[in-house]
Amino acid sequence: MKTVKPVILAPSILTADFGHLAEQVAAAEQGGAGWIHLDVMDGTFVPNITFGPLLVQAVRRATLLPLDVHLMVEQPERYLGEFVSAGADSLTVHAEATRHLHRTLQQITALNCRAGVAINPATPVEAVREVLPLVDQVLVMTVNPGFGSQRFIETMTSKIRRMGRWMDELCPLADLEVDGGIHLHNIADVVAAGANVVVVGSAVYNPQATPAANLDALRSQLGKGTVS
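Fair warning: this is a prediction, and the values are worked out from it, not measured in the lab.

## A look at the overall build of the chain
Inference 1: Along the backbone of the chain there are 7 helices and 8 strands.
Inference 2: In summary, the chain has a C-alpha radius of gyration of 16 Å against a globular reference of 17 Å for 228 residues, a match within 12%.
Inference 3: With the C-alpha coordinates aligned to their principal axes, the bounding extent of the chain is approximately 45 × 40 × 30 Å.
Inference 4: Classification of the 228 residues of the chain by burial places 52% in the buried group.
Inference 5: Sequence separation of at least 24 residues holds for 65% of the intrachain contacts in the chain that already meet a minimum separation of 6.

## Focus on the side chain of Asn120
Inference 1: Turning to its location among the elements, Asn120 is positioned in the loop between strand 5 (114-119) and strand 6 (137-141).
Inference 2: Sequence-distant contacts of Asn120, that is, excluding residues within four places in its chain, are made with Phe45, His94, Glu96, Met141, Pro145 and Lys159.

## Details of the nonpolar core
Most often, soluble globular proteins keep nonpolar side chains buried together rather than apart.
Inference 1: Counting residues in each nonpolar core, the largest one holds 63 residues, and the members touching the most others are Ile13 and Leu38.
Inference 2: If you tally residues by element for this core, the top one is helix 5 (residues 156-170), at 4 residues.

## Looking at unusual backbone geometry
Inference 1: For Gln75, which is not glycine, the phi dihedral falls at a positive 50°.
Inference 2: Secondary-structure assignment places Gln75 in the loop between strand 3 (67-72) and helix 3 (80-86).
Inference 3: Phi at Asn112 takes a positive value of approximately 60°, unusual for a residue other than glycine.
Inference 4: Within the secondary structure layout, Asn112 lies in the loop between helix 4 (101-110) and strand 5.
Inference 5: For Asn112, a relative accessible area of 76% corresponds to the exposed category.

## Re helix 1 (residues 21-30)
Inference 1: Listed in full, the buried residues belonging to helix 1 are Leu21, Gln24, Val25 and Ala28. Taken around the axis of helix 1, the buried residues stretch over an arc of 95°, which confines them to a single face. Opposite the packed face of helix 1, turned more than 90 degrees from it, sit the exposed residues Glu23 and Gln30.
Inference 2: Tucked into the core, helix 1 has its buried residues touching strand 1 (8-11), strand 2 (36-41), helix 2 (53-62) and helix 7 (211-220).
Inference 3: In the stretch just after helix 1, Gly32 is the one whose phi turns positive, near 100°.

## Considerations on the sheet that holds strand 1
Inference 1: Strand order in the open sheet formed by 8 strands is 1-8-7-6-5-4-3-2, and the pairing between neighbours is parallel. In this open sheet, the two strands that pair with only one neighbour each are strand 1 and strand 2. The sheet shows a mean angle of 25° between the axes of neighbouring strands, direction not considered.

## Things to note about helix 2
Inference 1: Buried within helix 2 are the following residues: Leu55, Val56 and Val59. Each buried residue of helix 2 sits inside an arc of 105° when the element is viewed along its axis, so together they form one side. Among the exposed residues of helix 2, those pointing more than 90 degrees away from its buried face are Leu54 and Arg61.
Inference 2: Summarising the contacts, the buried residues of helix 2 are in contact with helix 1, strand 2, strand 3 and helix 3.

## Some points on the packing of helix 1 against helix 2
Inference 1: As a packed pair, helix 1 and helix 2 sit with axes 9 Å apart at the nearest point and diverge in direction by 50°. Looking at the two axes, helix 1 sits oblique to helix 2. For the element pair helix 1 and helix 2, the recorded crossing hand is right-handed. On helix 2, the residues touching Leu21, Ala22, Val25 and Glu29 of helix 1 are Leu55, Val59 and Ala62.
Inference 2: Tallied by class, residues from the contact of helix 1 with helix 2 come to 6 nonpolar, no polar and 1 charged.

Rules used throughout
- Residues numbered from 1 in each chain as written.
- Predicted model: local features only at pLDDT ≥ 70, side-chain atom pairs only at ≥ 80, totals over all residues.
- Heavy atoms only, no water.
- Helix = DSSP H or I, 4+ residues; strand = E, 2+ residues; numbered from the N terminus.
- Rg over C-alpha atoms; globule rule 2.2 N^0.38 Å.
- Buried < 20%, exposed > 50% of the residue type's maximum accessible area, 1.4 Å probe, protein only.
- Contact = heavy atoms within 4.5 Å.
- Core = buried A, V, L, I, M, F, W, Y, C linked by side-chain atoms within 4.5 Å.
- Arc of directions from axis to C-beta.
- Pairing = 2+ DSSP bridges.
- Axes fitted to C-alpha atoms, helices over the stretch in contact; angles between N-to-C directions.
- Parallel < 35°, antiparallel > 145°, perpendicular 65-115°, else oblique.
- Left-handed = near helix turned anticlockwise from the far one by under 90°.
- Nonpolar A, V, L, I, M, F, W, Y, C, P; charged D, E, K, R; others polar.

This is the structure in structure tokens:
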């Protein structure tokens, strides 16, 4: 029987106000967020530069929530220890960014950190089949990585379903995470497709409402009591 996992909302600080970052993180925690998602970009693997271990360390001081660190960087194996020391609870690396993916995932696990693998929209689910038994989570990008507030790529819904089928066979306890363009109008669809961790950026951090109100609105799309 397939394991039914609770749905976790993981606000991404990429669209938060960095001038008041501790307050923004605290607002998400008080609003019932399950994880805090941190997008690390190097300007090489993706066309943007964000932050490094020092900011992860600062967020760690601001919250007790698990820190879900997404390494959108070339050769992420060079930085694993630094991010774990900074407070990361999970490290997700891209299949497209490391030459020896199997070894890199083993290194993350050896650091007593949850190991995740991410794939870009153009990367087929089959590309990570051989490493699925090693992972604690799989991240399906539903936009091309590099910037926040992008539009969800509609064909990714069927891709989430395909990934879920592979995971049911090879890593049934692992989390299936999605990131990119998730809002009120489509969160129910991606969860119905199999995702149980949903990264939400501008749907949480925006001038229209508080993070707590936005998280409540997202939860309301999925039914009370099913989302953290």
